[in-house]
Amino acid sequence: MSRDGTPLMQQYRDIKSRHQEAILMFRMGDFYEMFFEDAEVASRVLGLTLTSRNNGGASDVPLAGVPVRAVSDYLRRLVQHGFRVVICEQVEDPKLAKGIVRREVVETITPGAAFADDMLDVTRNNFLCAVHRDADTIGIAAADVSTGVFHLVVSPARDAGAALARFAPSEVLVARESSMVGASATLQADGALVTERDGWEFDPALAREELARHFGVHSLEGFGVGGDADAAVGAGGALLRYVRELQPSGLPHLSRPTLERAGGVMPLDEMTRRNLELVESLRGESDHPNGRAAAERAGTLLGVLDRTQTPMGARLLRQWLLAPLLDRGAIDARLDAVGALVHDSLARGALREALDGVRDVERLGSKAAAGRATPRELGALGSSLAQLPRVAAAFAHLADYGLLGTIAGRWDPCADLSEAIASTLVDRPPVAIGDEDVIRPGVDADLDALRALRDGGRDAIANIQAAERERTGIGSLKVGYNRVFGYYIEITNANRHLIPDDYQRRQTLTGAERYVTPALKEYEEKVLTATEQIESRERELFEQVRTSAGGEIRRLQEVATLVAQLDVLGTLAEVAATERYVRPDITDGFDLDIVGGRHPVVERMMPRDKFIPNDVQLTEAARMVILTGPNMAGKSTILRQIGLIVLIAQVGSFVPATRATIGIVDRIFTRVGASDNLVRGQSTFMVEMAETSAILHTATPRSLVLLDEIGRGTSTYDGVSIAWAVSEHLHDRTGAKTVFATHYHELTQLSQELAAVRNFKVAVREVGEQVLFLHRLQAGGADRSYGIEVGRLAGLPATVIDRARAVLKLLEGEQLVAGLNPQLGVGRKEADGGVAQLSLFVAAPHPVVERLKSIDANQLTPLDALRLLDELARTAREA
């Protein structure tokens, strides 16, 4: 005996040595077993009972196992906890094995590489990304192994975070000792598993060869991937190599890469996605797998717009929202298609009804190509393809409208694939072969003959029973079957004297005996052999049709893409028609003009027609708005409303407004609300300043900047100074369209200093000591914030409210702080222990004036008057 124990444990140790960083599930009969540290981790994470196995050595081996039939749930839980799991299967029949059964690793499952439905969210892609930096360029490769989607992205390094965040990856590959490793903490904080790989795997030259070989082409130039995409190619090569390690059987469904260069879509950074609540609510959890989609999307733009009928459409809508377009022609192509469906309600209804019968062609096709599709899944693929003629007929007469024409030109009904599947499989295939019939009668003559033998059992049993009754003269003789003893003849004890000599006793019961005969054994052997042969033949025929369908994966992926686009266009049209959205006028100019704009999410949470619409206009001559108004008046809602309307328009959708002219913006920046980031060691104010800094360094004259309460996380004096300087920078140096909501009413003086600044306020009406919020945008600046009234609405005690009002009146009657003149002193007065609210831009009293106020002229002599005059003159000169 070796020191490694039994031959089985030697086999385990050998396989485990090649997968040190993963949990190894080792197939043993009907269980997957885990040993040593893996067993201890699984026991702790999955709540399994930790046992032990004697390995022939001096000590027992920790052991934990899960049934093969229930492994999916355990896999899902391990992967959700961030573990890699290696599946090691028995690859030969234990009955035929000479010694230890041969085992091989067939798959490694990670958060970014999962096929099983219960590990995936049907409404979003599960991206595995690789990131590679080359000088000032970032290359990103993003693949979803469940659908075969494969993207290459080239981005400026400054936009790396926004470009990567768009994919919301479950796992990210980075090179060891590269500049990207420093981003690991950020990526992990965002929910992604970070996997470090050797740096040579990201080499662009090796990657080009690897990718070209995989896709069977001489050069990547045919995909539009030139030398300017080296960073993305390097990332793509590393990703492909990694996935091949995880899936030894290969990736026949991985689609040819699509290259995206900077300037095609609008980068959306984390704070903009979060603040505008595009796909996750500020009140929800992080937008990460898996299974929390419904809860997360409530109160989001995605939740409002998503009326898709297919899983592919739901995933594409999410991608569109996170990647608004920058090309006016592409935007108008989508708007033309949406408009045609808005105005043709019959076509829209027919299209959506036809799409309702289409299942997840993208993932079902990928499973077929990878040899993973079950009979039921292949049947679903066939029935979905059978719907395509209805889908095409619904929009055929609209083929002249924008993107609908492009879709019609590329349409493939896949009739041959649909017919092949439908003519081979039964109408309702089972989940697994052997459960029920999979192949239709009439497809295969040998299979039909075997079924006739199996299904003719009742007649055969009846014939055997009648013959034996006649032969023995026992009228109560019965022929039966059970799983333990097979077929048998049952005779009561009262008739034992009539039993023939060739009967062989099989089981004794109370009051009866069970027997078999040579003829019954022969029949049983035929039936059982037929059942095994039926399963074997069905598996062979099923794999033939599955392989045939999987071989057409490129066609399936193409039609899935077209169906997804139709679904999204139909959804946007449905929302536009039911929610009274209008088509925006998209221009390449600067101006932004929104008439009767509404917040798409907030208005859905209110009774119909209760939301107060507002107008916003930004031009080069009036490109900055200082927005003031009370707490709860709706300033933040207006900010988000502007950003959402612009974003929705550039996605290619109608917008919630009466009329809208949208000059295309290259970026939308938002700084709304206060939050800290304890994971990254940043305070609320630090987060605010970091986000503001990113805006000032990145925004261009074509950007839209939406700021809310810059500087409120520090002292008022510092806060106003920062807010003032930020406003000047955006006005003078950046020149971007800007809306700045603030409670620093001093900022309204910017309109007197800066030519393109305009003041607006959210109107209120005072009724006695109460305030009515009108939520209406008006020209001019507000002079009060009504914070005490908001405190009253929040339920502060009446004594606190009364005291606050008294202190406020006292403070409003005092000049508390000097203005910007550095030669003036800073006055500060406290009343009844209250700390005065600082107020800038109010000059401290001049010392000459104060001196004059203290003089009683009636008490001065002529000489005293001359001396006083000389003193005041000196004081004035010094001041």
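This write-up is about the structure you can find in this document. The shown structure was predicted, so the numbers you read here are calculated from the model rather than taken from an experiment.

1. Overview of the overall build of the protein
- Scanning the protein from N- to C-terminus turns up 30 helices and 26 strands.
- Per-residue burial for the protein yields a buried fraction of 51% across its 879 residues.
- The long-range fraction of contacts in the protein, counting pairs at least 24 apart against all pairs at least 6 apart in sequence, stands at 67%.
- With the model as given, the accessible surface of the protein reaches about 40,400 Å², and the carbon-plus-sulfur share is 50%.

2. Comments concerning the sheet that holds strand E16 (residues 512-516)
- If you trace the 4 strands from one edge of the open sheet to the other, you get E13-E14-E16-E15, paired in antiparallel fashion. Looking at which strands have only one partner, the edges of the open sheet turn out to be strand E13 (478-482) and strand E15 (504-509). Between one strand and the next, the sheet's axes are offset by a mean angle of 35°, whatever the strand orientation.
- Packing of helix H21 (residues 518-550) onto the sheet brings it into contact with E13, strand E14 (486-492), E15 and E16, and relative to E14 it is tilted by some 150°.

3. Quick notes on the packing of aromatic side chains
- What the rule picks out here adds up to 11 aromatic pairs.
- Note on Phe150 and Phe215: the rings are 6.3 Å apart at their centroids and 25° apart in plane angle, and the pair reads as stacked. With Phe150 in strand E9 (residues 149-156) and Phe215 in the loop between helix H6 (204-214) and helix H7 (230-246), this residue pair connects regions lying 65 residues apart in the sequence.
- Looking at Phe150, the relative accessible area reads 1%, which means it is buried.
- A relative accessible area of 8% means that Phe215 is categorised as buried.
- Members of the aromatic cluster, connected to one another through ring pairs, are Tyr12, Phe26, Phe35 and Phe36.
- Between the NZ or CZ atom of Arg334 and the centre of the ring of Trp320, over which it lies, the distance is 3.6 Å.

4. Overview of the sheet that holds strand E7 (residues 128-134)
- The sheet built from 6 strands is open, its strands ordered E11-E10-E7-E8-E9-E12 with mixed pairing. Looking at which strands have only one partner, the edges of the open sheet turn out to be strand E11 (193-197) and strand E12 (258-260). Geometrically, the sheet is characterised by an average inter-axis angle of 20° between neighbouring strands, direction not taken into account.

5. Concerning helix H16 (residues 388-395)
- Those residues of H16 that fall on the buried side of the exposure criterion are Leu388, Val391, Ala392, Ala394 and Phe395. Down the axis of H16, the buried side of the element spans an arc of 155°, and every buried residue falls inside it.
- Elements in contact with the buried residues of H16: helix H13 (345-355), helix H15 (375-386), helix H17 (403-410) and helix H22 (553-579).

6. Side note on the environment of Asp121
- Here Asp121 lies in the loop between strand E6 (103-109) and E7.
- Take Asp121: its relative accessible area is 10%, and that puts it in the buried class.

7. Focus on the packing of helix H14 (residues 361-369) against H22
- Their axes nearest at 9 Å, the elements H14 and H22 cross at an angle of 170°. In this view, H14 runs roughly antiparallel relative to H22, as classed from their interaxial angle. Counted together, Val361, Glu362, Gly365, Ser366 and Ala369 of H14 and Ile553, Leu556, Gln557, Val559 and Ala560 of H22 form the full contact between these two elements.
- When the residues that make up the contact of H14 with H22 are grouped by side-chain class, the tally is 6 nonpolar, 3 polar and 1 charged.

8. A word on the pattern of salt bridges
- Counted under the stated rule, the structure contains 52 salt bridges.
- Between Glu691 and Arg274 there is a salt bridge, and its shortest N-O distance comes to 2.9 Å. Here Glu691 is found in helix H24 (residues 684-698), whereas its partner Arg274 is found in helix H8 (residues 270-275), with 417 residues between them in sequence.
- Salt-bridge contacts for Asp437 lead to Arg451; the nearest nitrogen and oxygen are separated by 3.8 Å. Taken as a pair, Asp437 in the loop between helix H18 (415-424) and helix H19 (445-455) and Arg451 in helix H19 lie far apart in primary sequence, 14 residues in all.
- Owing to a relative accessible area of 30%, Asp437 belongs among the partly exposed residues under this scheme.
- Connected via shared salt-bridge partners are Glu270, Arg274, Arg671, Glu688 and Glu691.

9. Some points on the nonpolar core
- Counting residues in each nonpolar core, the largest one holds 118 residues, and the members touching the most others are Leu278, Leu305, Leu378, Leu404, Trp411, Leu569 and Ile662.
- If we skip the residues at most four places from it in the chain, Leu278 touches Leu268, Arg273, Thr300, Leu301, Leu302, Leu321, Leu322, Leu644 and Leu647.
- Grouped together as the second largest cluster of nonpolar side chains are 31 residues, Ala113, Leu128, Leu152 and Leu251 included.

10. Some words on the side chain of Arg197
- Mapped onto the elements, Arg197 comes out in strand E11.
- Accessibility expressed as a relative area gives 10% for Arg197, which makes it buried.
- If near-sequence neighbours (up to four positions away) are discounted, Arg197 is found in contact with Leu173, Val174, Ala175, Arg176, Phe202, Tyr242 and Glu245.

What counts and how
- Residues numbered from 1 in each chain as written.
- Predicted model: local features only at pLDDT ≥ 70, side-chain atom pairs only at ≥ 80, totals over all residues.
- Heavy atoms only, no water.
- Helix = DSSP H or I, 4+ residues; strand = E, 2+ residues; numbered from the N terminus.
- Buried < 20%, exposed > 50% of the residue type's maximum accessible area, 1.4 Å probe, protein only.
- Contact = heavy atoms within 4.5 Å.
- Areas by Shrake-Rupley, 256 points an atom, 1.4 Å probe, with all protein chains shown as cover.
- Pairing = 2+ DSSP bridges.
- Axes fitted to C-alpha atoms, helices over the stretch in contact; angles between N-to-C directions.
- Phe/Tyr/Trp six-rings, centres within 6.5 Å; stacked < 30°, edge-to-face > 60°.
- Lys NZ or Arg CZ within 6 Å of the ring centre and 35° of its normal.
- Arc of directions from axis to C-beta.
- Parallel < 35°, antiparallel > 145°, perpendicular 65-115°, else oblique.
- Nonpolar A, V, L, I, M, F, W, Y, C, P; charged D, E, K, R; others polar.
- Salt bridge = Lys/Arg side-chain N within 4 Å of Asp/Glu carboxyl O.
- Core = buried A, V, L, I, M, F, W, Y, C linked by side-chain atoms within 4.5 Å.

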